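# Inside the fold
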Amino acid sequence: DRLASAEDGKGEEADQSKEYASRLFEAVVEEKQALEDAMGEARDEKRFLDRCLSDARSDIADLEKAHEDVQRQLHEEQLRSAKMDGKLQAAQTRVVTIEKEVASRREESEGM
């Protein structure tokens, strides 16, 4: 009886060990799946962030080009403004010269 009882005990321990190993294997498989799912989500998020970064870099390049264009236009307008200021000063000088000439002629005609 003892031998039969001992063999039943060993058989029961073997069954418990198999059940534990089976549960442990299932837990490992579930954990592996959870990690694979998390990695998939992380890859998707990385792709999204890479696209955002690429878009931001493109936007920066566009803004830098626009800034260069505005700087060039500003410089051109400053040159044009300086040229117009020169023309204005020349015109004002001419007006003063003409006014002096007119005044001089009036004096001459009144003196006659």
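The following paragraphs examine the structure supplied in this document.

Scoring rules and cut-offs
- Residues numbered from 1 in each chain as written.
- Predicted model: local features only at pLDDT ≥ 70, side-chain atom pairs only at ≥ 80, totals over all residues.
- Heavy atoms only, no water.
- Helix = DSSP H or I, 4+ residues; strand = E, 2+ residues; numbered from the N terminus.
- Areas by Shrake-Rupley, 256 points an atom, 1.4 Å probe, with all protein chains shown as cover.
- Salt bridge = Lys/Arg side-chain N within 4 Å of Asp/Glu carboxyl O.
- Buried < 20%, exposed > 50% of the residue type's maximum accessible area, 1.4 Å probe, protein only.
- Patch = residues over 30% accessible without salt bridge, like charges linked within 9 Å, V, L, I, M, F, W, Y side chains within 5 Å.

The next thing to look at is the overall build of the protein chain. Across its full length, the protein chain holds 1 helix and 0 strands. When the accessible area of the protein chain is evaluated, it comes to approximately 10600 Å², of which 54% is carbon and sulfur surface.

Let us now look at the pattern of salt bridges. This structure, assessed with the given rule, holds 8 salt bridges. Its salt-bridge partner being glutamate 77, residue arginine 80 comes within 2.9 Å of it at the nearest N-O pair. Taken together, the residues span about one helical turn, with arginine 80 and glutamate 77 both in helix α1 (residues 2-111) at a distance of 3 residues. A salt bridge links glutamate 101 to arginine 105, with the nearest nitrogen and oxygen atoms 2.8 Å apart. Here arginine 105 and glutamate 101 lie together in helix α1, a separation of 4 residues that amounts to about one turn. In this structure arginine 105 comes out as exposed when scored by relative accessible area, which is 54%.

Taken together, the side chains of Tyr20, Leu24 and Val28 present a nonpolar region at the surface, about 320 Å² in accessible area. Turning to its location among the elements, leucine 24 is positioned in helix α1.

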